[in-house]
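# Chain and residue survey
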Amino acid sequence: MVKFIECRSRTAVAPLERLKILLQVQNPHSIKYNGTIQGLKYIYKTEGFRGLFKGNGTNCARIVPNSAVKFFSYEQASRGILWLYRQQPGNEDASLTPLLRLGAGACAGIIAMSATYPMDLVRGRLTVQTDKSPSQYRGIAHALTTVLKEEGPRALYKGWLPSVIGVVPYVGLNFAVYESLKEWLIETKPLGLVDNNCELGITTRLMCGAAAGTVGQTIAYPLDVIRRRMQMVGWHNASSVVTGGGSSKASLEYTGMVDAFRKTVRNEGFRALYKGLVPNSVKVVPSIAIAFVSYEMVKDILGVEMRISD
């Protein structure tokens, strides 16, 4: 039920997610998408209503394995990190600090991202292709088999390095900010946001989740742009979408993460690292907030205490 709710939330913001990716990778010398409103109108005009939701099926298919692995890993990593921290003299009764939560969140994010990364690469390519693309991926399975056949198994992890680096500020800060903000609200009880049982309402939890998601995604966003661009490398149709050398007819080539950063900034300027940030920020509010509230609901149902103890 929780995953169904999260899938619906992602579907609701799917047009913004697709526009974000198109803005991230579009050819700088052939601008089609120029802002949130114009971009959404252009997609609807050229591809119809269904075009707004391209790649959403793959995104929803990732929810169950990604979220399950991420939250389970966070619980286990939190316990492990706290246990190690308490082994040091003077820390026998210590509790999780924001820094420790950051580390646990980062570990959880890396594990979950790595486990489902091939589906993320496929989602990016399915999202980018249009009806005018020279050839088409017909779906998740066809895209996976095509990438394996034409580019090899390593291609399924293109852009993995910036993704791993980006997990530290993104997922790590998500958990750290959310947990710390929630604790602060419970301790200070400002503006009547905490009830008599020292519990936060759903609306307040949604606000905490939204704030956490906004902080994390803003700091990690340049790495997300580079990840998407690296995922296009080796795809022979990618030159119609984005190029690294400034020529619309050249094949897309990056030798690595640093090279992708250098070519992006050199050819398009520093602002290119934040292409698509506006639609991404808009969708973060419902998606991340609902994900955290769903997480809390499951823990309440299972009777798991929020604070980790011996």
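From a predicted model like this one, the values you see are computed outputs, not experimental measurements.

On to the overall build of the chain, then. Secondary structure summary: the chain contains 11 helices and 0 strands in total. Tracing the chain from N to C terminus, the helices and strands come up as α-α-α-α-α-α-α-α-α-α-α. Of the contacts formed within the chain by residues at least 6 apart in sequence, a portion of 74% connects residues at least 24 apart.

The next thing to look at is a nonpolar patch on the surface. Residues Tyr157, Trp160, Leu161 and Ile165 make up a contiguous nonpolar surface patch of about 350 Å² in total accessible area. By secondary structure assignment, the location of Tyr157 is in the loop between α7 (140-151) and α8 (160-188). For Tyr157, a relative accessible area of 36% corresponds to the partly exposed category.

Here we take up the nonpolar core. Counting residues in each nonpolar core, the largest one holds 20 residues, and the members touching the most others are Tyr74, Met113, Phe175, Tyr178, Phe292 and Tyr295. The set of elements that each furnish at least two residues to this core consists of α5 (63-86), α6 (98-128), α8, α9 (202-231) and α11 (277-302). Ranked by size, the runner-up nonpolar core spans 13 residues in total, among them Ile21, Val128, Tyr137 and Val147.

Moving on to the packing of α6 against α7. The contact between α6 and α7 brings their axes to 10 Å, and the two run at 100°. As judged from the angle between their axes, α6 and α7 are roughly perpendicular. Residues Pro118, Leu121, Val122, Arg125 and Leu126 of α6 touch α7, and the partners they reach there are Ile140, Ala143, Leu144, Val147 and Glu151. Looking at the contact of α6 with α7, its residues break down into 8 nonpolar, no polar and 2 charged.

Next up on the list: the packing of aromatic side chains. According to the stated counting rule, one finds 5 aromatic pairs in the structure shown. Ring geometry for Tyr33 against Tyr42: centres 5.4 Å apart, planes inclined by 90°, an arrangement best described as edge-to-face. By relative accessible area, which is 28% here, Tyr42 ends up partly exposed. The interplanar angle of 20° and the centroid separation of 6.1 Å between the aromatic rings of Tyr221 and Tyr274 together place this pair among those described as stacked. Of the two residues, Tyr221 is situated in helix α9 and Tyr274 in the loop between α10 (257-268) and α11; the sequence distance between them amounts to 53 residues. An aromatic cluster is defined as three or more aromatic residues linked by ring pairs; in this entry it consists of Tyr221, Phe270 and Tyr274. The positively charged end of Lys70 is found above the aromatic ring belonging to Phe71, 5.5 Å away from the centroid.

On to the confidence of the model for the chain. In regions of low pLDDT, the predicted coordinates are not meant to be interpreted in detail. Residues with a pLDDT of 70 or more make up 85% of the chain, whose mean pLDDT is 81. The least confident element of the chain is helix α1 (residues 2-12), whose mean pLDDT is 69; the most confident is helix α3 (residues 36-51), at 92. Low confidence marks residues 305-310, where pLDDT is under 50. Its contacts with residues over four positions away, or in another chain, come to 15 contacts.

Taking 1.5 Å as the rise per residue, α3 with 16 residues should run 22 Å; its terminal C-alpha atoms sit only 15 Å apart, a clear shortfall. Taking the largest bend as the criterion, α3 deviates by roughly 90°, centred on Lys45. Taken together, the buried positions of α3 are occupied by Thr36, Gly39, Ile43, Glu47 and Gly51.

Here is what the cut-offs are and how they apply
Residues numbered from 1 in each chain as written. Predicted model: local features only at pLDDT ≥ 70, side-chain atom pairs only at ≥ 80, totals over all residues. Heavy atoms only, no water. Helix = DSSP H or I, 4+ residues; strand = E, 2+ residues; numbered from the N terminus. Contact = heavy atoms within 4.5 Å. Patch = residues over 30% accessible without salt bridge, like charges linked within 9 Å, V, L, I, M, F, W, Y side chains within 5 Å. Areas by Shrake-Rupley, 256 points an atom, 1.4 Å probe, with all protein chains shown as cover. Salt bridge = Lys/Arg side-chain N within 4 Å of Asp/Glu carboxyl O. Buried < 20%, exposed > 50% of the residue type's maximum accessible area, 1.4 Å probe, protein only. Core = buried A, V, L, I, M, F, W, Y, C linked by side-chain atoms within 4.5 Å. Axes fitted to C-alpha atoms, helices over the stretch in contact; angles between N-to-C directions. Parallel < 35°, antiparallel > 145°, perpendicular 65-115°, else oblique. Nonpolar A, V, L, I, M, F, W, Y, C, P; charged D, E, K, R; others polar. Phe/Tyr/Trp six-rings, centres within 6.5 Å; stacked < 30°, edge-to-face > 60°. Lys NZ or Arg CZ within 6 Å of the ring centre and 35° of its normal. pLDDT = per-residue confidence, 0-100. Expected span 1.5 Å × (residues − 1). Bend = angle between axes of the 7 residues up to and from the residue.

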